Amino acid sequence: MSKIVATRRAVLNAGLGLTVALAASGVISPAAAREKLVINSYGGAYEQIHRKLVIEPFSKKYDVDVQVITAYSADALAQLRAQKAAPQFDVIHFSGGQEVVAAREGLIAPIKPDELTTAKELYPFAIEGLSRGEGPVHAVAAIGLLYNKEKAKKPEKWADLWNAEYKDHIVLTDLSNSYGLLGFLMINKVKGGDITKADPGFDAVKTLLDSAVVVATSPEMQQNFAQNDAWIAPYAQDYAYTLRKAGLPIEFVQGAEGTPAVYLTANLVANRPNQDLAKKFIDFSLSAEVQAGWAQELRYSPTNKATKLDGTVSKEVIYGPDAVAGLVRFDPVAVDANRAALVERWKKLIAK
């Protein structure tokens, strides 16, 4: 019996030795490690939905380990700059126009339209930045007029902010907030200004300050509608949905003069080894199915023309060619160049 056991042990040991030798020689390869992708997201409810709609399905479909680092746009740009010699991100998401700066500084790599299977389905505005080296727009947060439908008459245009019936019930947003900056630029446009001529906008805001509250954050906006008898405010469409979920009777209106918006972009980081995989991730984010999910979950407007939305959701986002035609995009290069001066002038105005 002992001789049989010894013989079996010898055979097993010999087989193990052969396996090790073959693996070392490359004839048998160890199990390949999963590919890895590093991206940023914005935290909170946004990141939860991001994981549900994009990150987890993509990881499963391509057997990829997607590492998520919570970093808002300004911080993400700062990290890209600090890591320029050895970048750590593969895909970077921006919501404040930082892709313009990142492309100019060579921090992100250009994507060709034919590298995206979704390119032909996208509205032209979603891919116009590709020619400048920027990433595509995967979602839109439209800026218009939020109003309390139980207390206020429905506004139709931006100029209605100056109607006497809204006096003492107006909320304005600080220009340090991207929504506030875009709202101001639209007011300036309506009053005859442009990005380099802001006097009309500041003069118009000055006439509202005595009958308005100025806030800096979304929670402050909610507080004013909930507790301080706010009736109307220039702000984001997706946040109107947040307020309704909180039980407030708030609706969103596209101003007849046009609809500025925050354009959320997905960008390919330069000088990373797995750019093909990163492009697949960006392409996945642009699919009609994913964008329908964003509209359903957070009321972000789709940039993919093939996106199908039901009646309720379709009325609560910018949806379809006619609505999209009303979008206004201020030149992101000019906005970036003038942002600091506008914010400083705003601070002086509201401090008086």
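Residues numbered from 1 in each chain as written. Predicted model: local features only at pLDDT ≥ 70, side-chain atom pairs only at ≥ 80, totals over all residues. Heavy atoms only, no water.

Draft legend 1. Seen up close, the packing of helix α6 (residues 178-190) against helix α7 (residues 199-208). Axis separation between α6 and α7 bottoms out at 7 Å; the angle between their running directions is 105 degrees. Judged by the inter-axis angle, α6 sits roughly perpendicular to α7. Residues F184, I187 and N188 of α6 pack against D199, P200, G201, F202, A204 and V205 of α7. A per-class count over the contact of α6 with α7 returns six nonpolar, two polar and one charged. (Axes fitted to C-alpha atoms, helices over the stretch in contact; angles between N-to-C directions. Helix = DSSP H or I, 4+ residues; strand = E, 2+ residues; numbered from the N terminus. Parallel < 35°, antiparallel > 145°, perpendicular 65-115°, else oblique. Contact = heavy atoms within 4.5 Å. Nonpolar A, V, L, I, M, F, W, Y, C, P; charged D, E, K, R; others polar.)

Draft legend 2. Structural detail: the packing of helix α2 (residues 44-62) against helix α11 (residues 288-298). Packing of α2 against α11 brings their axes to within 10 Å, and their N-to-C directions diverge by 150 degrees. Regarding the angle of α2 to α11, the classification is roughly antiparallel. Here the hand of the crossing between α2 and α11 comes out right-handed. Contact residues: α2 offers Y46, I49, H50, K52, L53 and V54, while α11 offers V290, G293, W294, E297 and L298. Here the contact of α2 with α11 is built from residues that sort into seven nonpolar, two polar and two charged. (Left-handed = near helix turned anticlockwise from the far one by under 90°.)

Draft legend 3. Structural detail: the nonpolar core. Within the largest apolar cluster, 99 residues are counted, with the highest numbers of intra-cluster contacts made by L37, F125, F184, F225, W294 and L342. Element by element, the count of residues in this core is highest for strand β5 (residues 137-148), at nine residues. Setting aside chain neighbours within four positions, we find F125 in contact with V137, V140, Y263, T303, V324, L327 and R329. One finds V38, A76, L77 and A102 within the second-largest nonpolar core, a separate group that totals 14 residues. (Core = buried A, V, L, I, M, F, W, Y, C linked by side-chain atoms within 4.5 Å. Buried < 20%, exposed > 50% of the residue type's maximum accessible area, 1.4 Å probe, protein only.)

Draft legend 4. Examining the packing of aromatic side chains more closely. On inspection of all chains with the given rule, the structure shows 14 aromatic pairs. Look at F58 and F284: their rings are 5.7 Å apart centre to centre, the planes differ by 75 degrees, and that puts the pair in the edge-to-face class. Of this pair, F58 sits in helix α2 while F284 sits in helix α10 (residues 275-285); the two residues are 226 residues apart in sequence, bridging distant segments of the chain. Among the aromatic residues, those joined into a cluster by ring pairs are Y42, Y46, Y72, W294 and Y300. Between K191 and the ring centre of W162, over which it is positioned, the NZ or CZ distance is 4.2 Å. (Phe/Tyr/Trp six-rings, centres within 6.5 Å; stacked < 30°, edge-to-face > 60°. Lys NZ or Arg CZ within 6 Å of the ring centre and 35° of its normal.)

Draft legend 5. Spotlight on α2. In a regular helix each residue adds 1.5 Å, so 19 residues correspond to 27 Å; α2 covers 26 Å between its end C-alpha atoms and thus fits that length. Along α2, the helix axis deviates most sharply at R51, where the bend reaches about 50 degrees. Burial in α2 covers these residues: Y46, E47, I49, H50, L53, V54, I55, F58 and S59. Looking one or two places after α2, you find D63, whose phi comes out positive at around 55 degrees. (Expected span 1.5 Å × (residues − 1). Bend = angle between axes of the 7 residues up to and from the residue.)

Draft legend 6. Up close: the side chain of Q98. Among the structural elements, Q98 can be located in helix α4 (residues 98-104). Separated by 2.9 Å, the side chain of Q98 and the backbone nitrogen of G96 make a polar contact. Residue contacts for Q98: discarding those within four places in its chain leaves S73, A74 and L77. (Polar contact = N/O pair within 3.5 Å; in protein donor to acceptor, adjacent residues only side chain to side chain.)

Draft legend 7. View of α10. Burial analysis of α10 places eight of its 11 residues in the buried class, which makes it a mostly covered element. Three or more residues of α10 are buried, namely L277, A278, K279, F281, I282, D283, F284 and S285.

In short, the description is geometric, and any link to function would need to be established separately.
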